[in-house]
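Next come the chains, spelled out residue by residue.
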Amino acid sequence: MASEAVKVIVRCRPMNEREKALSCQAVVGMDSPRGQCFIQNPGATDEPPKQFTFDGAYYESHNTEQIYNEIAYPLVEGVTEGYNGTIFAYGQTGSGKSFTMQGIVDPPTQKGIIPRAFEHVFESVQCAENTKFLVRVSYLEIYNEDIRDLLGADTKQKLEIGSYGAFITVVSECFPAVH
């Protein structure tokens, strides 16, 4: 596996139709090669923007395909080699987590990280000779300190956190058929 370090990236999603209709103005800027994000206070344009540095910074002009290829592909490739991998999307409501992770159908370059990762894993499984794979997937949502199992029969049901800290007592696992 190329890297075992945690990487933190930021993505500024494109404005949605509602934001465009309200003539919202962008207050975020990016210097992608440097991994920097700038946030300008719209009420204080005479002040310098706040600056943050990440392992990767992607602006609205970057598509999910590029983000997958640069960030998620090496992680998923490691998973096909037997390592565990986690992609964790974090942000406030409306910040673009679902847009990045689930994506949209059109244009195809904005297909999400999750469907791309599934395709990647199953293409690797199909191409492997003399190798058996056990593919286990879980998909959780943490929202307002509640945890929900998005693969469970009842996605509204809150999961319990065990007495040993960050241990979830019951979670659905899907075992897709692989031939």
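Residues numbered from 1 in each chain as written. Predicted model: local features only at pLDDT ≥ 70, side-chain atom pairs only at ≥ 80, totals over all residues. Heavy atoms only, no water.

Attention now moves to a nonpolar patch on the surface. On the surface, Val27, Ile39 and Phe52 cluster together into a nonpolar patch covering about 210 Å² of accessible area. Among the structural elements, isoleucine 39 can be located in strand E3 (residues 36–39). (Patch = residues over 30% accessible without salt bridge, like charges linked within 9 Å, V, L, I, M, F, W, Y side chains within 5 Å. Areas by Shrake-Rupley, 256 points an atom, 1.4 Å probe, with all protein chains shown as cover. Salt bridge = Lys/Arg side-chain N within 4 Å of Asp/Glu carboxyl O. Helix = DSSP H or I, 4+ residues; strand = E, 2+ residues; numbered from the N terminus.)

The subject of this paragraph is the pattern of salt bridges. A complete count under the given rule lists five salt bridges for this structure. Here aspartate 146 and lysine 158 are joined by a salt bridge, their closest N and O atoms 3.4 Å apart. Of this pair, aspartate 146 sits in strand E7 (residues 146–149) while lysine 158 sits in the segment after E7; the two residues are twelve residues apart in sequence, bridging distant segments of the chain. Here lysine 158 falls in the partly exposed class, since its relative accessible area comes to 47%. (Buried < 20%, exposed > 50% of the residue type's maximum accessible area, 1.4 Å probe, protein only.)

The end-to-end C-alpha separation of helix H2 (residues 64–80) is 21 Å, well short of the 24 Å expected for 17 residues at 1.5 Å each. The largest bend along H2 measures about 55° and falls at alanine 72, with the proline proline 74 one to four residues further on. Of all the positions in H2, only Thr64, Ile67, Tyr68, Ala72, Val76, Gly78 and Thr80 are classed as buried. In this fold, the buried residues of H2 make contact with strand E1 (9–11), strand E5 (56–58), helix H3 (97–101) and helix H4 (113–127). Where H2 begins, one side-chain oxygen reaches toward the backbone nitrogen of glutamate 65, 3.1 Å away; that side chain belongs to asparagine 63. Looking one or two residues past H2, glycine 82 carries a phi angle of roughly 105°, positive in sign. (Expected span 1.5 Å × (residues − 1). Bend = angle between axes of the 7 residues up to and from the residue. Contact = heavy atoms within 4.5 Å. Polar contact = N/O pair within 3.5 Å; in protein donor to acceptor, adjacent residues only side chain to side chain.)

Let us now look at H4. Helix length check: H4 (15 residues) gives 21 Å between terminal C-alpha atoms against 21 Å at 1.5 Å per residue, within 8%. All of the buried residues along H4 are Ile113, Arg116, Ala117, His120, Val121, Ser124 and Val125. One side of H4 carries all its buried residues, which in axial view fall inside an arc of 165°. Away from its buried face by more than 90 degrees, H4 exposes Glu123 and Gln126. In the core, the buried residues of H4 are packed alongside H2 and H3. (Arc of directions from axis to C-beta.)

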